[in-house]
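Chains, contacts and geometry: an overview
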Amino acid sequence: MDDHPEAHSISLLSRGQQLVLLTCCVFFSASLVVLHRITRSERQWRLKEYEMAPIKDSEELRAGSTETRRSPDSPAKARYPFIDFLRGLCISFVVAFHLLFLCRESNLLPLDTWVDKTVGLPLLNYVKFIFYFIVTFVLGYGGYLITPYVAYIIYGPVVTLCIYSYWWVAQISGVCLIMLCMSMSQATIHENGINYRSVGRRAVKLGMVAASITLVTYMLNREEFIYFGAIHCILVNTLLTVPFTRIPRAALVGFLLIQGYTMKWGTAPVEVPQDIPTLDVIPWFHNFGYCLLGVWLHSRGLHKLESITIIPGRPAALEGTVFTTFGRHCLAIYLGHMLIVLPVVRAVSTGA
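Residues numbered from 1 in each chain as written. Predicted model: local features only at pLDDT ≥ 70, side-chain atom pairs only at ≥ 80, totals over all residues. Heavy atoms only, no water.

1. Observations regarding the overall build of the protein chain
When helices and strands are tallied, the protein chain shows 12 helices and 4 strands. Here the protein chain holds 352 residues, and the buried ones make up 45% of them. Relative to all contacts within the protein chain whose residues are 6 or more apart in sequence, the contacts with residues 24 or more apart total 78%. Within the structure as shown, the protein chain displays about 18100 Å² of accessible surface, and the carbon and sulfur contribution to it stands at 66%. (Helix = DSSP H or I, 4+ residues; strand = E, 2+ residues; numbered from the N terminus. Buried < 20%, exposed > 50% of the residue type's maximum accessible area, 1.4 Å probe, protein only. Contact = heavy atoms within 4.5 Å. Areas by Shrake-Rupley, 256 points an atom, 1.4 Å probe, with all protein chains shown as cover.)

2. Notes on the packing of helix α6 (residues 167-189) against helix α8 (residues 230-241)
Running from N to C, α6 and α8 point in directions that differ by 40 degrees, and their axes come no closer than 10 Å. Regarding the angle of α6 to α8, the classification is oblique. The interaxial crossing formed by α6 with α8 has right-handed handedness. Seen from α6, the contacting residues are Ile178, Met179, Met182, Ser183 and Gln186; seen from α8, they are Ala230, Cys233, Ile234, Asn237, Thr238 and Thr241. (Axes fitted to C-alpha atoms, helices over the stretch in contact; angles between N-to-C directions. Parallel < 35°, antiparallel > 145°, perpendicular 65-115°, else oblique. Left-handed = near helix turned anticlockwise from the far one by under 90°.)

3. Thoughts on the environment of Met263
Along the polypeptide, Met263 turns up in helix α9 (residues 248-265). Each C-alpha atom, one on Met263 and one on His286, is 9.5 Å from the other, the two residues being 23 residues apart in sequence.

4. A closer look at the UniProt feature "transmembrane region" (unreviewed entry) in the protein chain
As annotated by UniProt and renumbered to match this structure, "transmembrane region" (unreviewed entry) occupies residues 19-38, 85-103, 123-146, 152-182, 203-220 and 226-245. Measuring from the first to the last C-alpha atom of residues 152-182 gives 24 Å, for a span that is 97% helix and 0% strand. Helix and strand shares over residues 203-220 are 100% and 0% respectively, and the end C-alpha atoms of the span are 26 Å apart. (UniProt positions renumbered as here; feature names shortened; annotations may be inferred.)

5. Comments concerning the pattern of salt bridges
For the structure on display, the rule yields 3 salt bridges. In this structure, the salt-bridge partner of Asp84 is Arg87, at a minimum N-O distance of 2.7 Å. With Asp84 and Arg87 both in helix α3 (residues 81-105) and 3 residues apart, the pair spans about one turn of that helix. Accessibility classification places Asp84 together with Arg87 in one group, the buried group. Each member of the salt-bridge network shares a partner with another, and the members are Asp84, Arg87, Glu319 and Arg328. (Salt bridge = Lys/Arg side-chain N within 4 Å of Asp/Glu carboxyl O.)

6. Looking at the layout of surface pockets
The computed volume of the second largest pocket comes to approximately 990 Å³. In terms of lining residues, the second largest pocket is bounded by 32 residues, among which Arg79, Arg87, Ser185, Arg202 and Cys330 are the most central. Among the elements that make up the lining of the second largest pocket, the one with the highest residue count is α6 (6 residues). When the residues that make up the lining of the second largest pocket are grouped by side-chain class, the tally is 17 nonpolar, 6 polar and 9 charged. (1 Å grid on protein atoms, 1.4 Å probe; cavity = no way out; pocket = protein on both sides within 12 Å on 5 of 7 lines; lining within 4 Å. Points joined across faces, edges and corners; volume = space filled by probe spheres on them. Nonpolar A, V, L, I, M, F, W, Y, C, P; charged D, E, K, R; others polar.)

7. Structural notes on the confidence of the model for the protein chain
In this model, the protein chain carries an average pLDDT of 80, and 82% of its residues clear a pLDDT of 70 or more. Below pLDDT 50 for its whole length, residues 1-6 participates in 14 contacts with residues either more than four positions away or in separate chains. For residues 51-77, every residue scores under 50 in pLDDT, and the model assigns this stretch 58 contacts once sequence neighbours within four places are set aside. (pLDDT = per-residue confidence, 0-100.)

8. Considering the packing of α6 against helix α10 (residues 284-299)
Contact geometry of α6 with α10 gives a least axis separation of 7 Å together with a crossing angle of 45 degrees. The angle between α6 and α10 falls in the class oblique. As α6 packs across α10, the resulting crossing turns out to be right-handed. The residues of α10 that touch α6, namely those facing Ile172, Val175, Cys176, Met179, Leu180, Met182, Ser183, Met184, Ala187 and Thr188, are His286, Asn287, Tyr290, Cys291, Leu293, Gly294, Val295, Leu297 and His298. Residue composition of the contact of α6 with α10, grouped by class: 13 nonpolar, 6 polar and no charged.

Here you go:
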């Protein structure tokens, strides 16, 4: 067994498997394009809510075609576009990952060799993965300056191929990004002091969802039911993160200590078992470090970012993308996307 697999070469796939991968790319981009079109009215409503009025006439707020202005009397926002945008990227990443996972489970794509993630993965793979995503982001930004649809056409296939090529790194990095978003959101909620009522409501909701996932997967597959998946991990780390929202410097120290520990010694003694057969298991300790990083980044004001500018004078407004819309409905998308993706993949694999 190869504990440190290299990136998967697409050229080694059969013609049929390459066609499946190409179909996944097209499906991903087409979904983004269609959903962007469908949700235009919601984005326009949000722009009015945040009092961001286009200076020039335009169908939508787009970098290069409009600028924005904010009223100085605007009240503090309950939500920030950057956090929702980041959430949207995460959930789109999750959907693409699950699509490829189901294709592999259905033998439409080759299965990946299991690796022990608790001992870490090659650092070079992470470097390649990060570089890949930076290039994707820059290309997407360039496409967005023309029209958001060009950005989606670029983003879909590039991200899909990246996930396939760097399977285990993508899985770990995607979860870390989710935890980062979650903690920044929690820090926003508790900006003026810990809101214990909000903590309780969120814990109850997540607890009910987590218990339902465990129960349903146990009924469907007792040998590989989900005993500690993504929602379970979010629940635990949400509660652990709350106190640190008031002490962001301690959160930064905690992040550095946790990362140093896991890089040196791997899994913490208090970690949930990672070797039990299951459909999904998420280590909480390693990801708790990214929650603490999110708290510190919030204290530095990163959550207030409203646009991204690579070319001076050409901002890409986050409110103009479908990813920000996804971010506001991420839990519903996370819970419901398999109801669409699973039947489609099963139907294709049955007919193949």
